[in-house]
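Summary of the model geometry
Residues per chain, in single letters:
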Amino acid sequence: MTVKIWANSGDSHFLEPEDLWASYLPAAVAERMPRSVKDPDGVWETIYVDGASFRRKMPSTARNRWVNGKTILEMAQQAEGIRDARLRMIDLDNQGVWAEVCYPSLGLWQTLIKNRELAVAGARALNDWAYSEILSHSPRLVAVAELPLLDVPDAVQELERVAAMGFKAVFLPIEPPEGMDGYNRETWEPLWSAAEEAGMVAAFHIGTENHDLAVVRGPGARVASFCETSFGAMRVAIQMVASGALERHPGLRMLISEGGASWVPFIADRMNEVYNTEAFVSPQLARMPKEYMYEQVYTTFQHDPSAIQAMAAMGYTNILWGSDYPHVEGTYPVTQQILSELFADASEEVRYRITQGAFLELFPHVGSPPGVAAA
Ligand code: MN
């Protein structure tokens, strides 16, 4: 008999209802908020945001195994838990996922809005909805709040509002909205201070750049575009460490979801190398970059066996597993199978840290699943 492996997920998604904007906002504002229109063939979708639009290919999967008489792709597409918290809890229990970080779906495109007032109204509407439908439903659902990022004081104000509502994490795109300074700039200091003060995790999700990630055409393009999404994770972590933002805010913790974890030891070594050999490093930091990277940057992965080794062999312990529920890149509906394969040769300590411990450090209020004692 196999023993169920309970895991917390640092990377899961909700889908906002189609009438969300219309029910929370005046019609003229609602129609400029993000919406997705899928082609009948199910291969492409068009995203409309604030008068602009772009096309994107829907994720698909080659893992077309059959589970309960359906393919994995069909199961993922039909997972009603993406929009219904009550049904979601059933999926969580049977997949063995205890608590999860819940990112929005349409909200990931909200940072493409160009108008400041619109960004404020959209973030408030999304957060009010997430509060009533996700956060209030169960402490196991860690809803990530949206911030209006076209103006830093606006972002601080919304962060403080959602902190008072009980949110524990705010979503940040992997690159700031177009026209805004990079995250390494002083512009963002008030936001880092506010997040640190409120104990709010800065939750970045990969693939949320302003530019098209399909930078390679022709042979290998699909694999290249997929791998491009990892580089943004590295860039934002490097900038937050090298600029001194994490040093100035020792209580600030970053979560970078879906971009894998084993790049952290590699990038941290590269950063140490330039610190050790270059004369023109500015600002100087009190400690080596690798220490900030290992202490304040948390990352998630779904399938990568190398992530286990990043902890077991390279001493980087801020690793969370993530289901990416219910996306086809994720582990639903075969989470238990994937977890048992991943951790087959791992020590109890490594398995506990990656499936429970690191998550609990960020979100202790979720508690532990039945039969799992906190370490
Ligand atoms: Mn994800």
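It should be emphasised that the depicted structure is a prediction, and the values quoted were computed from it without experimental measurement.

What follows covers the overall build of the chain. Each helix and strand counted, the chain has 14 helices and 13 strands in total. For 375 residues, the compact-globule estimate of 2.2 N^0.38 gives 21 Å, and the C-alpha radius of gyration of the chain, at 20 Å, lies within 12% of that figure. Counting only C-alpha atoms, the chain reaches 60 × 55 × 50 Å along its principal axes. Looking at the chain residue by residue over its 375 residues, the buried ones come to 53%. Here the analysis covers contacts within the chain between residues at least 6 apart in sequence; of these, 72% occur between residues at least 24 apart. Carbon and sulfur atoms make up 53% of the accessible area of the chain, which amounts to about 16700 Å² in all. Of the charged side chains in the chain, 30 are positive and 48 negative, and the gap between their average positions amounts to 3 Å.

Spatially, E2-E3-E4 is the arrangement adopted by the 3 strands of the open sheet, whose pairing is antiparallel. One side of each edge strand has no neighbouring strand; the edge strands of this open sheet are strand E2 (35-38) and strand E4 (52-57). Averaged over all pairs of adjacent strands, the angle between strand axes in this sheet comes to 25 degrees, irrespective of strand direction. In this sheet, E4 lies alongside strand E3 (residues 44-49) in antiparallel orientation, the contact comprising 6 bridges. Paired with Val-49 across the two strands is Ala-52, which belongs to E4.

This part takes up helix H11 (residues 289-296). Residues Pro-289, Tyr-292, Met-293, Tyr-294 and Gln-296 constitute the buried set of H11. Where H11 is buried, its residues contact helix H8 (221-242), helix H9 (245-248), strand E11 (254-257), helix H10 (263-277) and strand E12 (297-301).

Within the open sheet, the 8 strands sit side by side as E1-E7-E8-E9-E10-E11-E12-E13. Their pairing is parallel. Strands with a single pairing partner mark the edges of an open sheet, and in this sheet they are strand E1 (7-13) and strand E13 (319-321). Sheet twist, expressed as the mean angle between neighbouring strand axes with direction ignored, is 30 degrees. Bridge count for strand E7 (residues 97-103) against strand E8 (residues 141-145) is 3 bridges, and the pairing is parallel. Residue pairing for E8: Val-101 is matched across the bridge by Val-142. Sheet contacts for H11: E11 and E12; angle to E12, the most-contacted strand, approximately 55 degrees.

Our next topic: the environment of Val-328. Relative to the assigned elements, Val-328 resides in the loop between E13 and helix H13 (335-342). Of the residues examined, Val-328 reaches a relative accessible area of 8% and is grouped as buried. Spatially, the C-alpha atoms of Val-328 and Met-75 are 8.9 Å apart, while their sequence positions differ by 253 residues.

Turning next to the coordination of the manganese ion. At 2.1 to 2.3 Å from the manganese ion lie its protein donor atoms, namely Asp-11 (OD), His-13 (NE2), His-205 (NE2), Glu-258 (OE) and Asp-324 (OD). For the manganese ion, the single-chain donor residues occur in sequence as D-x1-H-x191-H-x52-E-x65-D. Of this pair, His-13 sits in strand E1 while Asp-324 sits in the loop between E13 and H13, and the two are 311 residues apart along the sequence. Just as His-13 is buried, Asp-324 falls in that class too.

A few words now on the packing of aromatic side chains. Working definition: an aromatic ring pair is given by the centre-to-centre distance plus the angle between the planes. The full count for this structure, using the stated rule, is 11 aromatic pairs. Relative to Trp-109, the ring of Phe-54 has its centre 5.2 Å away and its plane inclined at 70 degrees; by these criteria the two rings are edge-to-face. Of this pair, Phe-54 sits in strand E4 while Trp-109 is found in the loop between E7 and helix H5 (116-135), placing the two residues 55 residues apart along the sequence. With relative accessibility at 17%, the residue Trp-109 sits in the buried group.

With 5 of its 5 residues buried, E8 lies for the most part within the structure. Side chains Leu-141, Ala-143 and Ala-145 of E8 all project onto a buried face; the interleaved residues Val-142 and Val-144 project onto the opposite face, where all are buried too. Pairing geometry for E8 and strand E9 (residues 169-173), over 2 bridges, is parallel. The residue of E9 that forms the bridge with Ala-145 is Val-170. Assessed by its sense of winding, the connection that carries the chain from E8 through helix H6 (residues 152-165) to E9 is right-handed.

Let us now look at the packing of H5 against H6. Two elements in contact, H5 and H6, have axes separated by 11 Å at closest approach and are oriented at 15 degrees. If you check the angle between H5 and H6, you find them roughly parallel. Like other packed secondary-structure pairs, H5 and H6 cross with a definite hand, here right-handed. Contact residues: Arg-116, Val-120, Ala-123, Arg-124, Asn-127, Asp-128, Tyr-131 and Leu-135 in H5; Asp-154, Glu-158, Arg-161, Val-162 and Met-165 in H6. Taken together, the residues of the contact of H5 with H6 sort by class into 6 nonpolar, 1 polar and 6 charged.

This next bit is on the pattern of salt bridges. Inspection of every chain in the model, using the stated rule, returns 19 salt bridges. The residue Asp-151 makes a salt bridge to Arg-116 at a minimum N-O spacing of 3.6 Å. Of this pair, Asp-151 sits in the loop between E8 and H6 while Arg-116 sits in helix H5, and the two are 35 residues apart along the sequence. Residue class for Arg-116 comes out partly exposed when judged on its relative accessible area of 40%. When salt bridges with common partners are traced through the structure, they connect Lys-38, Glu-45 and Arg-56 into a single cluster.

Scoring rules and cut-offs
Numbers given to residues run from 1 along each chain, matching the order in which its sequence is written. pLDDT decides what is reported in this predicted model: residues at 70 or higher carry local features, side-chain atom pairs at 80 or more are listed and counted, and totals for whole chains, interfaces and linings draw on all residues regardless. Excluding hydrogens and water, the side-chain figures rest on all heavy atoms present in the structure. Helix numbers and strand numbers start at the N terminus; a helix is a DSSP run of H or I with at least 4 residues, a strand a run of E with at least 2. In this description the radius of gyration comes from C-alpha coordinates, and the expected globular size is given by 2.2 Å times residues to the power 0.38. Residue exposure (1.4 Å probe, protein chains only): buried if accessible area is under 20% of the type maximum, exposed if over 50%, otherwise partly exposed. Throughout, a residue-residue contact means that at least one pair of heavy atoms, one from each residue, lies within 4.5 Å. Accessibility throughout is a Shrake-Rupley quantity obtained with a 1.4 Å probe, and a residue counts as covered only by protein chains that appear here. When charges are counted, Lys and Arg contribute as positive and Asp and Glu as negative, whereas His and the chain ends are disregarded. Where a charge lies is defined by one atom per residue type: Lys uses NZ, Arg uses CZ, Asp uses CG and Glu uses CD. Pairing between two strands requires that DSSP report at least two bridges joining them. To obtain each axis, a line is fitted to C-alpha atoms, and for helices this fit is confined to the stretch in contact; angles are then taken between N-to-C directions over 0 to 180 degrees. Metal donors: N, O and S atoms at distances within 2.8 Å, or within 3.2 Å for Na, K and Ca, with water omitted from the atom set so that some sites may seem incomplete. Planes of paired rings set the category: under 30 degrees apart is stacked, over 60 is edge-to-face and the rest tilted, where pairs are Phe, Tyr or Trp rings (Trp by its six-membered ring) whose centres lie within 6.5 Å. A crossover counts as right-handed when, viewed with the strands pointing away from the observer, the path leading from the first strand over the helix to the second turns clockwise. Working rule for angles: under 35 degrees goes down as roughly parallel, over 145 as roughly antiparallel, 65 to 115 as roughly perpendicular, anything else as oblique. When the near helix sits turned anticlockwise from the far one by under a right angle, the crossing is termed left-handed; a clockwise turn instead gives a right-handed crossing. Classes in brief: Ala, Val, Leu, Ile, Met, Phe, Trp, Tyr, Cys and Pro nonpolar; Asp, Glu, Lys and Arg charged; the others, Gly included, polar. Salt bridges are identified by distance alone: a Lys or Arg side-chain nitrogen within 4 Å of an Asp or Glu carboxyl oxygen.

Function cannot be inferred from these measures alone, as they are strictly geometric.
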